[in-house]
Amino acid sequence: IYYGGDAFPYFDPHFGPCNLASFVGATPVFEEDSVWYAPTLADVNSAPPLRFDPDNIWWRQQLAVITHGAASARGRYLVAFPDVIENVDILASLRGTTEILTDMALEPDAVARRVRELNAVYHEAFARIHDVIKDAQGGNCVSVFDLWGPGRTIKVQCDLSAMISPRMFEDLVMPGLVEQCSRYDHVLYHLDGSQALQHLDLLLSMDCIDAIEWTPEPGAPWGGAPCWYELYRKILAAGKSVQAVFVQLGEAEPLLDATGPDGMFLMLRAPDESTARRTLDRLDRFRR
């Protein structure tokens, strides 16, 4: 593999997205190309508190894979923080999507309490993993979106937000995100699908979020298409960085001409090294 531009090699140890749910008791169901979680939270109000358990089998297996990867790396590559996810996306795995949406309408205080409990689990898991994977700068990479930061770096999201109103997002999702993100040095928010764009203004108002990654939904134009230029300019104007994914090689120059290079991070894939090098040569005029 040729690592051009800002690309770097890393080992991805995660067992599937949302595996923070398995750390608090959910049973993962592994399929050939995905993983799901059997709901275990029977009642959002009366079930026991969600707590970090260092003896949880899935936590111990996750940490073992990470530790082995770090021991094997010997400085040749990084080991990533897994895509454990957080907030109400984890509650949906623990409770069921329909059930947690109902809870958000009927039991908002209980949902908010569960998010605070999950944040505590996240912080503990991150701290223990970061001790294993951090590099000489105290930085770490994240297993999705090819991220690295010179400090405690995380990716956050709320894919469930596609199904809730901005008011509910502000009341039940933002407080947990603010508490979570304020503990870390570099934070990227994964914004997934056009139905979640209704929350962009709220996300841009959060000082603890440094960058927005935009993932178009299946069937929509990919991340380098001109229809997204205005979205990227809006994010940049708010003082956030942008990660544009699924950018085709021929789209990179027009995209950067439209947005400018400052604050733009493009995810590109080339079929071979020579094509990658030619692309980087063309894009060199944007690097400063």
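Calculation rules
- Residues numbered from 1 in each chain as written.
- Predicted model: local features only at pLDDT ≥ 70, side-chain atom pairs only at ≥ 80, totals over all residues.
- Heavy atoms only, no water.
- Axes fitted to C-alpha atoms, helices over the stretch in contact; angles between N-to-C directions.
- Helix = DSSP H or I, 4+ residues; strand = E, 2+ residues; numbered from the N terminus.
- Parallel < 35°, antiparallel > 145°, perpendicular 65-115°, else oblique.
- Left-handed = near helix turned anticlockwise from the far one by under 90°.
- Contact = heavy atoms within 4.5 Å.
- Nonpolar A, V, L, I, M, F, W, Y, C, P; charged D, E, K, R; others polar.
- Buried < 20%, exposed > 50% of the residue type's maximum accessible area, 1.4 Å probe, protein only.
- Right-handed = clockwise from strand over helix to strand, strands pointing away.
- Polar contact = N/O pair within 3.5 Å; in protein donor to acceptor, adjacent residues only side chain to side chain.
- Pairing = 2+ DSSP bridges.
- Core = buried A, V, L, I, M, F, W, Y, C linked by side-chain atoms within 4.5 Å.

Student: Help me understand the packing of helix H5 (residues 108–133) against helix H6 (residues 166–181), please; the structure alone is not making it clear to me.
Tutor: Each pair of packed helices gets described by two things: the angle between the helix axes and the distance between those axes. It is at 10 Å that the axes of H5 and H6 come closest, and there the two elements cross at 20°. Here H5 is positioned roughly parallel relative to H6, judged by the angle of their axes. Where H5 crosses over H6, the two elements pack in a sense that is right-handed. Packed against H5, whose contacting residues are Pro108, Ala112, Val115, Asn119, Tyr122 and His123, the element H6 presents Leu172, Gly176, Glu179 and Gln180 at the interface. Tallied by class, residues from the contact of H5 with H6 come to 5 nonpolar, 4 polar and 1 charged.

Student: What is the right way to look at the pairing of strand S7 (residues 153–157) in this model?
Tutor: Consecutive side chains of a regular strand alternate in pointing toward one face of the sheet and then the other. Counting buried residues along S7, 5 of its 5 residues qualify, which places the element largely inside the surrounding structure. Of the two faces of S7, the one lined by Thr153, Lys155 and Gln157 and the one lined by Ile154 and Val156 are each fully buried. This β-α-β element, S7 to H6 to strand S8 (residues 186–192), shows right-handed connectivity.

Student: Please clarify how the environment of Ser182 should be interpreted in this entry.
Tutor: Note on placement: Ser182 falls in the loop between H6 and S8. Separated by 26 residues in sequence, Ser182 and Cys208 place their C-alpha atoms 5.5 Å apart. At 3.1 Å, the side chain of Ser182 and the backbone oxygen of Glu179 are in polar contact.

Student: What's the story with the sheet that holds S7 in this structure? I'm lost.
Tutor: Two strands in a sheet stick together by hydrogen bonds in their backbones, pointing the same way (parallel) or opposite ways (antiparallel). The strand order S7-S8-S9-S10-S11 describes an open sheet built from 5 strands, whose pairing is parallel. Because the sheet does not close on itself, it has two edges, and the strands there are S7 and strand S11 (264–266). Looking at each pair of strands side by side, their axes are set apart by 25° on average, direction ignored. Note that strand S9 (residues 211–215) and strand S10 (residues 241–244) share 4 bridges and pair parallel. Bridge pairing in S10 links Glu213 to Gln243. Docked against the sheet, helix H8 (residues 229–237) engages S9, S10 and S11, running at close to 150° with respect to S10.

Student: Honestly, the nonpolar core in this entry has me stumped. Any pointers?
Tutor: Buried together is how nonpolar side chains tend to be arranged in soluble globular proteins. Of all hydrophobic cores here, the largest spans 79 residues; its most connected members are Val88, Leu91, Leu94, Phe169, Tyr189 and Tyr232. At 10 residues, H5 tops the list of elements feeding residues into this core. Excluding anything up to four places from it in sequence, Tyr189 contacts Val156, Gln157, Cys158, Ser161, Phe169, Leu177, Leu203, Ile209, Ala211, Ile212 and Glu213. Listed in part, the 8 residues of the second largest apolar core include Val142, Val144, Leu147 and Ala211.

Student: Would you mind going over unusual backbone geometry with me for this structure?
Tutor: Trans is the common state for peptide bonds, and a negative phi is the common state for residues other than glycine. For Phe145, which is not glycine, the phi torsion reads 70° and is therefore positive. Along the polypeptide, Phe145 turns up in the loop between strand S5 (140–142) and strand S6 (147–149).

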